[in-house]
Amino acid sequence: MRITGNPVIDCAVAAWLLAQVAKALLELLLERRLRPARLVSSGGMPSSHSACVMGCTTAVGRFSGLTSPLFGVCVVFSLVVMYDACNVRRSAGDTARLVNQLLSRVELLTAEELAEDLKIIMGHTPFQVLMGALLGVAVGMLW
């Protein structure tokens, strides 16, 4: 199947799309609720960031070879994205959650100011990142 005409981009997009659909289906099965917004939101199981970059990296490895400089760049890029998804974004989300809790206890702010909470960015657990990465590799291998 062709999405863009570029097999590397197609693998990345397909892996991202499958991860997003998997998130929505898992939420439907486990929490008995269907949220269409889940198809484009971040966080959750599996990591669509990891799936996307590993789909791209796997496709580049298949088409350019595992010893090509381009594959090396993709591996490094993928590792940075997966590290960020697991660590940096999770820390930012935890910080936003704490700031929101502190702001809710401050009496000097108006109700309108309190309503403007910081967005809590969902990061991933290492397992979610691993599952996303494996999904991306599978898409890249099967494409």
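In what follows, the structure referred to is the one given above.
Residues numbered from 1 in each chain as written. Predicted model: local features only at pLDDT ≥ 70, side-chain atom pairs only at ≥ 80, totals over all residues. Heavy atoms only, no water.

A. Local environment of helix 5 (residues 126–142). When the terminal C-alpha atoms of helix 5 are compared, their 24 Å separation across 17 residues agrees well with the 24 Å that a helix rising 1.5 Å per residue should span. Among all positions of helix 5, only Gln-128, Val-129, Gly-132, Ala-133, Gly-136, Val-139 and Gly-140 are buried. Down the axis of helix 5, the smallest arc covering the buried residues is 135°, so these residues share one side. Turned more than 90 degrees from where helix 5 packs its buried face, Pro-126, Phe-127 and Leu-142 sit exposed. (Helix = DSSP H or I, 4+ residues; strand = E, 2+ residues; numbered from the N terminus. Expected span 1.5 Å × (residues − 1). Buried < 20%, exposed > 50% of the residue type's maximum accessible area, 1.4 Å probe, protein only. Arc of directions from axis to C-beta.)

B. Local environment of the layout of surface pockets. Roughly 170 Å³ of volume is contained in the second largest pocket. Every residue along the wall of the second largest pocket is listed here: Lys-23, Leu-26, Glu-27, Leu-30, Glu-31, Arg-33, Arg-35, Arg-38, Gly-44 and Met-45. Tallied by class, the residues present in the lining of the second largest pocket amount to three nonpolar, one polar and six charged. (1 Å grid on protein atoms, 1.4 Å probe; cavity = no way out; pocket = protein on both sides within 12 Å on 5 of 7 lines; lining within 4 Å. Points joined across faces, edges and corners; volume = space filled by probe spheres on them. Nonpolar A, V, L, I, M, F, W, Y, C, P; charged D, E, K, R; others polar.)

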